[in-house]
There are 2 protein chains.
Amino acid sequence: MIFIDACFKKPTPSAPIWLMRQAGRYLSQYRQTRAKAKDFIDFCRRSDLAAEATLQPIEALGVDAAIIFSDILVVPLEMGMRVEFAEGVGPVLSEPIRDRIGVDRLRENAADRLDYVYDALKIVRANLAANKALIGFAGSPWTLATYMIEGGGSKTYATAKKMAYCAPDLLHSLLRKLSAVIESYLLRQIDAGANAVQIFDSWGGALEKSAFFEFSWNYMKQIATRIKSERPQIPVILFSKGAGGYLEAIDGDFDVFGVDWNTPIDRAKSVLFDRYALQGNMDPARLYSKAAIEEGAREIARIMRGENGYIFNLGHGMQPDFSVENAKFLVDFARQIFAR
Amino acid sequence: MIFIDACFKKPTPSAPIWLMRQAGRYLSQYRQTRAKAKDFIDFCRRSDLAAEATLQPIEALGVDAAIIFSDILVVPLEMGMRVEFAEGVGPVLSEPIRDRIGVDRLRENAADRLDYVYDALKIVRANLAANKALIGFAGSPWTLATYMIEGGGSKTYATAKKMAYCAPDLLHSLLRKLSAVIESYLLRQIDAGANAVQIFDSWGGALEKSAFFEFSWNYMKQIATRIKSERPQIPVILFSKGAGGYLEAIDGDFDVFGVDWNTPIDRAKSVLFDRYALQGNMDPARLYSKAAIEEGAREIARIMRGENGYIFNLGHGMQPDFSVENAKFLVDFARQIFAR
């Protein structure tokens, strides 16, 4: 699998390619599969449908890796929170966590309740070409905590940050509980067939540097360390959106650093590439225009082409209004310019 | 004025202090003044009320500079767009700019229609102690353009970015038109008594590096150059939220670089302080806790204390749910630890 080789900085004939949120609403096949479920959570829980959605971009785009279709919020859901996905509103988590009772009430055995994800991974791995990698994933403890504390998405993360500054012990106890669940969850995803795992820290950038390391990165790092010690052959990818100013302090035992589009790839290369493989980082908004795709991919190729340990990807996820035609154009174009 | 001296990197007895959005809802005096206006736009247009709000934090907090109370959206408003501030929803701009007709329709003489801001500046300057600076401001062309294109606030800026990638000429024509207005607007604010001006690029970080310089920074830089050539004695402060990954490429003729809380101040110091004064950058969320205020201010003091050309401030604006007590505590604490 060229994806796995690149994660370990081994030579590959071309840079492997996949796109964050490649299984998504921009694909008509996805929308058809989605329509078979009664709601979004049912979609996540139906292993057959999740497997179907996971495989669609492999066929439609020809990418080198599949990422299991699911949502980061299945973890709070199985820890006992009520999670609803209201159309056009985003996720709503009732009874947000604001105190010790809220934290204590969360189930520690959530990883035992996520068989539907493991089953989906098994189905996908059985149906995926041997040269394509299957990626498992989870949200980072901090990112999940923001949803659980805010009760949904947020623009300023004021409630979660207030807890960080006014009740850090409470937040740490929540983060520890989440970390234990995420660790088991990722290990079991690996046992079910995931060839690599990625932790998505979508809201790491909501924290200033010292708080980022205290409340987000340190937990991601601990999870990575545990996974690497138990499954050294499995690449671990860490992706923190908005940490571009903090690169100099990034450390830990993991394999691939996911570069968001806000972080110049040349900066990531000079600070991190001696220690980690890099993945990313085209601005997804370039998908709106073929000219912008060419320009963006060429600029990344200027810096990363021919390097061992580079995985082409976006710097954030695919959006529902993107065209499949442009996504396919991007994959083909990147494949061509990153060939050796 | 120690604020002006610090902008020009002259020695001052202590670091000057002010807080972005210091005239705001967290102050009960502000809410009382606000209640005298029939709506938020009326509040901006009533020079007497705007002057009142501007002066309140000087008395309440003892900061070293007043920033004129207004809103960046008075520019699109006076360029002819309909702007409404719905309670709890944020600004709504009807008939968003999506095509050439939309751009052409915008008034070029908007700076002539903003007498209410100039009048407020005159009132404030006449009532402000001689050792306190008065800061004028405007939104950056790109930041204003995002509101005008999206029709309000946005989480992903997808429509504005789509224009950047699919119709760059159209976006540039909008940005040029905005730049001309902002330039006149700031010059007239200076003529009305502003001792310094700041350009707020709240959404600069919505753009990846090359796009940031093309669509945002270059326009801010041009405005700064023009102001510096016409009014060299007036400090120009540029503040781009989310540009922490791009510091190495920052250039231009201006005086003070505003550091957001996402950009480590030691990094800003090492990359920019030989050329620019620095302002910032405590995370506003620290205002929730006195312990967090002390920790944050001490950390900045460790790096910037005793340097000529440092202005203490937050890394973004004050929030409505902050307490006046903590704000006052911050100002007093910072005053004490930054004293020489």
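Look up: the structure comes first, before these words.
Residues numbered from 1 in each chain as written. Chains lettered and ligands numbered in written order. Predicted model: local features only at pLDDT ≥ 70, side-chain atom pairs only at ≥ 80, totals over all residues.

**Q** I would appreciate a short explanation of unusual backbone geometry in the present structure.
**A** Leaving glycine aside, a negative phi is the common case for residues, and trans is the common case for peptide bonds. Residue and element names in this part refer to chain A. In this structure, the amide linkage connecting Gly280 to the following residue, Asn281, adopts the cis form with an omega of -10°. Here Asn281 lies in strand β8 (residues 277–282). With a phi angle near 55°, Arg21 is a residue other than glycine that sits in the positive phi range. Counting through the fold element by element, Arg21 comes out in the loop between α1 (2–7) and α2 (28–35). (Helix = DSSP H or I, 4+ residues; strand = E, 2+ residues; numbered from the N terminus.)

**Q** How do you make sense of the pairing of strand β7 (residues 256–259) of chain B when you look at a structure like this?
**A** The two faces of a sheet get side chains in turn, since along a regular strand they alternate between them. All names here are of chain B. Covered by surrounding structure in β7 are Val256 and Gly258 together with Phe257 and Val259, the residues of both alternating faces. Here 3 bridges tie strand β6 (residues 236–240) to β7, and the two strands are oriented parallel to one another. Bridge pairing links Ile237 to Val256 in β7. Here β7 runs beside strand β8 (residues 277–282); their pairing, made up of 4 bridges, is parallel. Residue pairing in the sheet places Val256 in a bridge with Ala277 of β8. (Buried ≥ 20, exposed ≤ 12 C-beta atoms within 10 Å, placed from the backbone. Pairing = 2+ DSSP bridges.)

**Q** In this structure, what is going on with the environment of Lys36 of chain B? I would like to understand it.
**A** Residue placement: Lys36 of chain B occurs in the loop between α2 (28–35) and α3 (40–45). Given 12 C-beta atoms within a 10 Å radius, Lys36 of chain B is considered exposed.

**Q** It is not clear to me how the relation of the copies chain B and chain A should be interpreted in this structure. Could you clarify?
**A** Here the two chain copies are tied together by a rotation about an axis and a shift along that axis. Superposition of chain B onto chain A requires a rotation of 180° combined with a translation of 0.0 Å along the rotation axis, giving an RMSD of 0.0 Å. In short, the pair behaves as if placed about a two-fold rotation axis. Rotation axis and chain B: the residue whose C-alpha lies nearest the axis is Gly245 of chain B, separated from it by 2.6 Å. An overlap of 100% is found between the interface residues of chain B and their copies at the interface of chain A, pointing to a shared contact surface. (Least-squares fit on C-alpha atoms with pLDDT ≥ 70 in both. Contact = placed C-beta atoms within 7 Å.)

**Q** Teacher, can you tell me more about the environment of Tyr310 of chain A here?
**A** Residues and elements named next belong to chain A. Inspection of the secondary structure assignment puts Tyr310 in strand β9 (residues 310–314). A count of 27 C-beta atoms within 10 Å places Tyr310 in the buried class. For the pair Tyr310 and Thr12, spaced 298 residues apart in sequence, the C-alpha to C-alpha distance is 9.4 Å. The residues touching Tyr310, leaving out its near neighbours within four places in the chain, are Ala6, Ala15, Ala277, Leu278 and Met304.

**Q** Would you take a moment to explain the sheet that holds strand β1 (residues 65–67) of chain B for this structure?
**A** By definition, the strands of a sheet pair up through backbone hydrogen bonds, in either a parallel or an antiparallel sense. Residues and elements named next belong to chain B. Read from one edge of the open sheet, 7 strands run β1-β4-β5-β6-β7-β8-β9, paired in parallel fashion. Every interior strand has two partners, whereas the edge strands, β1 and β9 (310–314), have only one. Each strand of the sheet is rotated relative to its neighbour by a mean of 25°, with strand direction disregarded. For strand β4 (residues 133–139) and strand β5 (residues 196–201), the ladder comprises 5 bridges, and the chain directions are parallel. The residue of β5 that forms the bridge with Gly139 is Phe200. (Axes fitted to C-alpha atoms, helices over the stretch in contact; angles between N-to-C directions.)

**Q** Just to check I follow, could you spell out the interface of chain B and chain A for this structure?
**A** Quite often, the size of an interface is put as the accessible area lost when its parts meet. Contact residues are listed per partner, giving 26 residues for chain B and 26 residues for chain A. Of all elements in the fold, only α9 (158–166), α11 (209–230) and α13 (290–304) of chain B reach the threshold of two or more residues within the side of chain B that touches chain A. In terms of residue count, α9 of chain B provides more of the side of chain B that touches chain A than any other element does, 5 residues in total. Among the residues forming the side of chain B that touches chain A, the class breakdown is 9 nonpolar, 9 polar and 8 charged. (Nonpolar A, V, L, I, M, F, W, Y, C, P; charged D, E, K, R; others polar.)

**Q** I tried to follow the sheet that holds strand β4 (residues 133–139) of chain A on my own but got confused; where do I start?
**A** Residues and elements named next belong to chain A. A sheet is described by the order of its strands in space; here 7 strands give the open sequence β1-β4-β5-β6-β7-β8-β9, paired in parallel fashion. Either end of the sheet is taken by a strand with one partner, and the two such strands are β1 (65–67) and β9. Strand-to-strand twist in this sheet, taken as the mean axis angle between neighbours without regard to direction, amounts to 25°. Packed on one face of the sheet, helix α10 (residues 168–191) meets β4 and β5 (196–201) and runs near 165° to β4.

**Q** Sorry, what's going on with helix α8 (residues 141–150) of chain B here?
**A** An α-helical turn contains 3.6 residues, so a residue and the one three or four places further along point in the same direction. Residues and elements named next belong to chain B. Within α8, 10 of the 10 residues are buried, which leaves it mostly tucked inside the rest of the structure. Among the residues of α8, those classed as buried are Pro141, Trp142, Thr143, Leu144, Ala145, Thr146, Tyr147, Met148, Ile149 and Glu150. Note on α8: the residue one or two positions beyond its end, Gly151, has a positive phi of about 85°.

**Q** Quick question: what am I supposed to make of the packing of helix α13 (residues 290–304) of chain A against helix α14 (residues 324–337) of chain A here?
**A** For any two helices packed against each other, one specifies the inter-axial angle together with the distance between the axes. All names here are of chain A. Where α13 meets α14, the axes come as close as 10 Å, and the angle between the chain directions of the two elements is 30°. Overall, the two elements α13 and α14 adopt an arrangement that is roughly parallel. At the point where α13 passes α14, the crossing takes the right-handed sense. Where α13 approaches α14, its residues Lys290, Ile293, Glu294, Ala297, Arg298 and Ala301 are matched on the opposing element by Asn326, Phe329, Leu330, Phe333, Ala334 and Ile337. Broken down by class, the residue content of the contact of α13 with α14 amounts to 8 nonpolar, 1 polar and 3 charged. (Parallel < 35°, antiparallel > 145°, perpendicular 65-115°, else oblique. Left-handed = near helix turned anticlockwise from the far one by under 90°.)

**Q** What am I meant to see in the environment of Leu207 of chain A here?
**A** Here Leu207 of chain A is to be found in the loop between β5 and α11 (209–230). The residues touching Leu207 of chain A, leaving out its near neighbours within four places in the chain, are Phe212, Phe215 and Ser216 of chain A.

**Q** What is the right way to look at the pairing of β8 of chain B in this model?
**A** All names here are of chain B. Burial within β8 is extensive, with 6 of its 6 residues counted as buried. Considered for its hand, the β-α-β crossover made up of β7, helix α12 (residues 265–272) and β8 is right-handed. Relative to β9, β8 runs parallel, the two being bridged by 5 bridges. The partner of Gly280 across the bridge, within β9, is Phe312. Crossover connection from β8 via α13 to parallel β9: handedness right-handed. (Right-handed = clockwise from strand over helix to strand, strands pointing away.)

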